[in-house]
Amino acid sequence: MATTSLWHIKGRLKDLIDYVENPEKTAVKEKDLQDFYNVFAYVSRPEATEQGEYVSAINCLKEIALQQMILTKKQYGKDDGYIAWHGYQSFKPDEVTPQEAHAIGLQTAKEMWGDRFQIIVTTHLDKDHLHNHFCFNSVSFLDGGKYNYSNAERQKLRDVSDRICLEHDLSVISKPHKAPSRPIWLDEKSGEPTRYNVYREDIREAANFSRDPVHMEKYLQRKGYITDFTGVHWKLRLPQYEHFTRLDTLDEKWTPAFFQRNMGAYARYGNRRAEINYPPQMPRDLKEWFKPFHKTSHIYRLYLHYCYLLGVLPKRTDYKPTSPYLKEDLRKLDELTDQVRYMSRHNIETLEDLYADRKTIESDMERLIENRTKLQNKIRRASPAEKETLREEKSKVTEQITALRKQLKLNKGIEERSVKIQEKTDMLYANEYRAKEEMQHKKPSRKERDAR
């Protein structure tokens, strides 16, 4: 059973040239680009590839593959956009030998890209599951065309891999489903609170505290989920997402039959009802200030209110949010913190303050870009002795522009996030109001029964 994935590598031709000329001192900002470079370093990494035995090249020499890819890009003048493609083919543990895995990888790469692109195929033995890496040039050595990874290509890669695996008597995935994006997939692996990890946590909790499917579904609905426990595939979603997620997609064993056999681990004395907690240390004035379902322009207070709901404030609090509306945002605490600090540093309280700050940034950028253009024109006409001084001055202006661009990105990000914060907190309170109404309706009916 082999799974496949493919993603593009962003960068510039200069990045590749710098790496070839001095790999030890090349600073890499993007993780994907570093992973791409690592594949070429595998030629000299015996611990992963057994003295290079499982490193092969197609349409190039493996020892100078990256240099040859650079020459192809220069030949056709294609030095922008995606610089390469990187993918993997991962096998089920103990189902395939290293030699067989490498042979399958080579055959797959040749059928997929071997007629037009320069490719490196490596087979890694340093994990429980053997896996191949494919790295190939984004520009064709044959005609200079760039590779386009369409839905048809994605399906073709899956079909080619499955067919070759079947030819080698290996299993294939009979019911494939769409994989998450690579950043989400990496967060999933590391246990970060992604949407799907939040789903899994709440489903386990609901199953453990419920003795039957009816109460399990009610538990999840109390948390704020929209559920569908009819049919052979149980499903759920949060209101902000359009599509349902099947429980047996989150975990293949999570079928209705499984839950009916494995429920109520912590429900010895009856079904437990889900509860949503709130930060006990939120300042009273901030708590009373927030009015659900009323849009506010006071974005700094909105952020502070949300930071308390997430447990970011106060520092060293033991409170952790239990609402699935909030838990996914725990992945984005660094971004949230940067935005709060930015507003505090620039005295931004309201949307009007944010727009004024943005106008200042854009005005300063326009002035600096104009100044840089003038410096570039001076450099063209300057003497060799003057050029060095002018270039240093231009470099400083460029640094200022880069800093302003980061500020502008933060500024716009604050506006976008403030809308999402308002929506999430509104959904949170709407769910709580709905739960209180249900409880109030239940109480009279109990009294009526007692009276009878």
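See above for the structure.
Nothing here was measured: the structure is a model prediction, and the numbers come from that model.

Trainee: Is there a simple way to explain the sheet that holds strand E7 (residues 235-237) in this structure?
Mentor: Adjacent strands of a sheet pair through backbone hydrogen bonds, lying either parallel or antiparallel. Pairing within the open sheet is antiparallel, and its three strands lie in the order E6-E7-E8. The open sheet has two free edges, formed respectively by strand E6 (226-228) and strand E8 (245-246), since each of these has just one partner strand. Of the pairings in the sheet, the one linking E6 to E7 comprises three bridges and is antiparallel in character. Residue pairing across strands places Asp 228 opposite Lys 235, the latter belonging to E7.

Trainee: For this particular structure, what's the right way to read the nonpolar core?
Mentor: Nonpolar side chains in soluble globular proteins tend to end up buried together. Ranked by internal contacts, the top residues of the largest apolar core, which has 61 residues, are Tyr 199, Ile 203, Met 216, Leu 236, Leu 247 and Phe 259. In this structure Met 216 touches Ile 203, Ala 206, Ala 207, Ser 210, Phe 229, Trp 234, Leu 247, Phe 259 and Met 263, once residues within four positions along its chain are discounted.

Trainee: It is not clear to me how the packing of helix H13 (residues 299-310) against helix H15 (residues 333-345) should be interpreted in this structure. Could you clarify?
Mentor: When two helices pack together, their arrangement is given by the angle between the helix axes and the distance between those axes. Look at H13 against H15: their axes get within 11 Å of each other, and the N-to-C directions meet at 145°. At the point where H13 passes H15, the crossing takes the left-handed sense. On H15, the residues touching Ile 299, Tyr 300, Tyr 303, Cys 307 and Leu 310 of H13 are Leu 333, Leu 336, Gln 339, Val 340, Met 343 and Ser 344. Among the residues making up the contact of H13 with H15, the classes are represented as nine nonpolar, two polar and no charged.

Trainee: Just to check I follow, could you spell out the pattern of salt bridges for this structure?
Mentor: Tallying each qualifying case throughout the model produces 18 salt bridges. We note a salt bridge from Arg 163 to Glu 167, for which the minimum N-O separation is 3.1 Å. Placement of the pair is Arg 163 and Glu 167 together in helix H6 (residues 151-167), with a separation of four residues, close to one helical turn. Owing to a relative accessible area of 35%, Arg 163 belongs among the partly exposed residues under this scheme. Overall, Glu 167 belongs to the partly exposed group, its relative accessible area being 46%. With a shortest N-O distance of 3.2 Å, Lys 223 and Glu 205 are connected by a salt bridge. Residue Lys 223 is found in helix H9 (residues 213-223), and its partner Glu 205 is found in helix H8 (residues 195-208); the two are separated by 18 residues along the sequence. For Lys 223, a relative accessible area of 1% translates into the label buried. The exposure class assigned to Glu 205 is partly exposed, which follows from its relative accessible area of 22%.

Trainee: Could you clarify how one ought to interpret the pairing of strand E4 (residues 119-124) in this entry?
Mentor: Walk down a regular strand and you will see the side chains alternate between the two sheet faces. Taking burial as the measure, the six residues of E4 include six buried ones, the bulk of the element. Neither face of E4 is left uncovered, since the one carrying Ile 119, Val 121 and Thr 123 and the one carrying Ile 120, Thr 122 and His 124 both have all their residues buried. In terms of strand pairing, E4 meets strand E5 (residues 131-137) through six bridges, oriented antiparallel. Its bridge partner lying in E5, His 124 is registered against His 131.

Trainee: Explain the packing of helix H5 (residues 98-113) against H6 to me, please; I cannot follow it from the model alone.
Mentor: Running from N to C, H5 and H6 point in directions that differ by 145°, and their axes come no closer than 10 Å. Judged by the twist between their axes, the crossing of H5 over H6 is right-handed. Residues Ile 104, Gln 107, Thr 108, Glu 111, Met 112 and Trp 113 of H5 touch H6, and the partners they reach there are Glu 153, Lys 156, Leu 157, Val 160, Ser 161, Arg 163, Ile 164 and Glu 167. A class-by-class count of the residues in the contact of H5 with H6 yields six nonpolar, three polar and five charged.

Trainee: What am I meant to see in the packing of aromatic side chains here?
Mentor: In this description, a pair of aromatic rings is defined by centroid distance and the angle of the planes. In total, this model carries 23 aromatic pairs according to the counting rule given. With a centroid separation of 5.8 Å and an interplanar angle of 50°, the aromatic rings of Phe 209 and Tyr 266 are classed as tilted. Of this pair, Phe 209 sits in the loop between H8 and H9 while Tyr 266 sits in the loop between helix H11 (256-261) and helix H12 (284-289), and the two are 57 residues apart along the sequence. In this structure Phe 209 comes out as buried when scored by relative accessible area, which is 13%. For the pair Phe 258 and Phe 259, a centre-to-centre distance of 5.6 Å together with 75° between the ring planes defines the contact as edge-to-face. A relative accessible area of 2% places Phe 259 in the buried class. Ring-pair connections join several aromatic residues into one group, and the members of that group are Tyr 82, Trp 85, Trp 113, Phe 117, Phe 134, Phe 136, Tyr 147 and Tyr 149. Cation over ring: Arg 195 sits above Tyr 241, and NZ or CZ is 3.6 Å from the ring centre. Looking at Lys 235, its charged tip hangs above the ring of Phe 244, at a distance of 5.7 Å from the centre.

Trainee: Explain a positive patch on the surface to me, please; I cannot follow it from the model alone.
Mentor: On the surface, a cluster of positive charge is contributed by Lys 315, Arg 316, Arg 341 and Arg 345. Here Lys 315 is to be found in the loop between H13 and helix H14 (324-327).

Trainee: What's the story with H8 in this structure? I'm lost.
Mentor: In an α-helix there are 3.6 residues to a turn, and that puts residues three or four apart on one side. Over its 14 residues, H8 extends 20 Å from the first C-alpha to the last, a length consistent with the 20 Å expected when each residue adds 1.5 Å. Among the residues of H8, Asn 197, Val 198, Tyr 199, Arg 200, Asp 202, Ile 203, Ala 206 and Ala 207 are the ones counted as buried.

Trainee: I keep staring at the sheet that holds E4 and nothing clicks. Help me out?
Mentor: The antiparallel open sheet is built from five strands, whose spatial order is E1-E3-E5-E4-E2. The sheet terminates laterally at strand E1 (2-10) and strand E2 (55-58), the two strands that pair on one side only. For this sheet the average axis-to-axis angle between neighbouring strands, irrespective of direction, equals 15°. Where E2 and E4 come together, four bridges link them in antiparallel fashion. Residue pairing across strands places Val 55 opposite Thr 122, the latter belonging to E4. Each of strand E3 (82-91), E4 and E5 touches helix H4 (residues 65-76); the most contacted strand, E5, lies at about 35° to it. Strands in contact with H5 are E1, E2, E3, E4 and E5; relative to E4, the strand with the most contacts, it is inclined by about 155°.

Criteria and cut-off values
Residues numbered from 1 in each chain as written. Predicted model: local features only at pLDDT ≥ 70, side-chain atom pairs only at ≥ 80, totals over all residues. Heavy atoms only, no water. Pairing = 2+ DSSP bridges. Helix = DSSP H or I, 4+ residues; strand = E, 2+ residues; numbered from the N terminus. Core = buried A, V, L, I, M, F, W, Y, C linked by side-chain atoms within 4.5 Å. Buried < 20%, exposed > 50% of the residue type's maximum accessible area, 1.4 Å probe, protein only. Contact = heavy atoms within 4.5 Å. Axes fitted to C-alpha atoms, helices over the stretch in contact; angles between N-to-C directions. Left-handed = near helix turned anticlockwise from the far one by under 90°. Nonpolar A, V, L, I, M, F, W, Y, C, P; charged D, E, K, R; others polar. Salt bridge = Lys/Arg side-chain N within 4 Å of Asp/Glu carboxyl O. Phe/Tyr/Trp six-rings, centres within 6.5 Å; stacked < 30°, edge-to-face > 60°. Lys NZ or Arg CZ within 6 Å of the ring centre and 35° of its normal. Patch = residues over 30% accessible without salt bridge, like charges linked within 9 Å, V, L, I, M, F, W, Y side chains within 5 Å. Areas by Shrake-Rupley, 256 points an atom, 1.4 Å probe, with all protein chains shown as cover. Lys, Arg positive; Asp, Glu negative; His and termini not counted. Charge placed at Lys NZ, Arg CZ, Asp CG, Glu CD. Expected span 1.5 Å × (residues − 1).

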